[in-house]
Amino acid sequence: MVAIDVGNSRIKLGLFEKNGRARSERRLPEYLRSMAVEVDAAVPWHELARWTKKIDGEVVAVILGGVNPRGRDKVLDGWPATGWPNPQVIDNPFVLPIELLVDSPRTVGVDRLLNAVAANVIRPPESPMIIVDSGTATTVDVISTTGAFEGGAILPGFQLCSQALHQYTALLPRISNDEIVGEPPAALGKNTRDALRSGLFWGQLGAIRELIRHLRETLPAEATIVVTGGAGRLIAPQLPGALHHPYLALQGLVIVGND
Ligand SMILES: Nc1ncnc2c1ncn2[C@@H]1O[C@H](COP(=O)(O)OP(=O)(O)O)[C@@H](O)[C@H]1O
Ligand SMILES: CC(C)(COP(=O)(O)O)[C@@H](O)C(=O)NCCC(=O)O
Ligand SMILES: [K+]
């Protein structure tokens, strides 16, 4: 089974074993292959076609979700190039195996809901969860002690902040993603680039920590934190005890596809 999640920055693709893992085992589906490509780049149809050979068999189902309709249509338009069955598009929140305790379920990003579907599989019994998804936007969402999606917070992600600072000022350079990887930057920047690195990193992390603190106050029991998204590997080490699953929404898609 192939799962595809089309975000606002990147298309994430994963190859999974169909019915690889029962949900009752409290383990997430494991991917055999995964990749992420920029949403404006060409879809790597050739590499995808090679996946079929790698598993020495047939791709039986493809499920596609996402919060970027234009990006999704680009994938659907080129679809015949895969030779795979037509994808099942997940865009209706009411088909998802999760209770939605929000004002308007149809307007919630399906990526946030798919994250929650996957997180529920590993949620300790009676424990709430907080999901941090650091993508184009960063979302910090709550799953209740009964497994319901409760909503959360949305803020700009790293790249968006960096781009906005550059675009809406005369003098600030653009800091690329590659300049924020590695060791956390010193808080005290001695030049413009280092000051931006500091503000981007500690500002993003500080916002996330503050949201977690406030959200925890609303919860009846200690929450498990799970981190996902493109910048998850930068955030997760800074949140003690947090789990890190880079492709949670893909795993959510596979859980839905296996249902
Ligand atoms: N090395 C990095 N440093 C900082 N941010 C990064 C890095 N790599 C990726 N990102 C962030 O991850 C985002 C892409 O993550 P992704 O989860 O694929 O987003 P989306 O689902 O919105 O397409 C980028 O917009 C950027 O904010
Ligand atoms: C908040 C998001 C932009 C995050 O998308 P991403 O950063 O993963 O591309 C997306 O979930 C979205 O468009 N949501 C719609 C509004 C809502 O969730 O309430
Ligand atoms: K996100």
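The rules behind the values
Residues numbered from 1 in each chain as written. Chains lettered and ligands numbered in written order. Predicted model: local features only at pLDDT ≥ 70, side-chain atom pairs only at ≥ 80, totals over all residues. Heavy atoms only, no water. Near = heavy atom within 4 Å. Polar contact = N/O pair within 3.5 Å; in protein donor to acceptor, adjacent residues only side chain to side chain. Areas by Shrake-Rupley, 256 points an atom, 1.4 Å probe, with all protein chains shown as cover. Donors = N, O, S within 2.8 Å, 3.2 Å for Na, K, Ca; no water. Buried < 20%, exposed > 50% of the residue type's maximum accessible area, 1.4 Å probe, protein only. UniProt positions renumbered as here; feature names shortened; annotations may be inferred. Contact = heavy atoms within 4.5 Å. Helix = DSSP H or I, 4+ residues; strand = E, 2+ residues; numbered from the N terminus.

**What about the site of ligand 1?**
Near ligand 1 there are 18 residues, and of these S9, R10, K12, T136 and G230 occur at the shortest range. N8 places a main-chain nitrogen or oxygen 3.3 Å from an oxygen atom of ligand 1. Note that an oxygen atom of ligand 1 is positioned 3.1 Å from one of the backbone N or O atoms of Q159. Taken by itself ligand 1 offers 570 Å² of open surface, and the protein chains cover 93% of this.

**Thoughts on the coordination of the potassium ion (ligand 3)**
Within the protein, the potassium ion (ligand 3) binds to D133 (OD) and A137 (O); these donor distances fall in the range 2.9 to 3.1 Å. Residue A137 is classed as partly exposed on the basis of its relative accessible area, which comes to 32%.

**Focus: the UniProt feature "active site" (unreviewed entry) in the protein**
Within the UniProt annotation, "active site" (unreviewed entry) is assigned to D111. In this structure D111 comes out as buried when scored by relative accessible area, which is 18%. Residues within four places of D111 in sequence aside, it is in contact with D5, V67 and A249.

**Quick notes on the UniProt feature "binding site: K(+)" (unreviewed entry) in the protein**
UniProt records the feature "binding site: K(+)" (unreviewed entry) at D133, using the numbering of this structure. Tracing the chain through its elements places D133 in strand 6 (residues 129-134). By relative accessible area, D133 is classed as buried at 12%. D133 has contacts with N115, T138, T139, T228 and G229, leaving out every residue within four places of it along the chain. Side-chain polar atoms of D133 contact the side chain of N115, separated by 2.9 Å.

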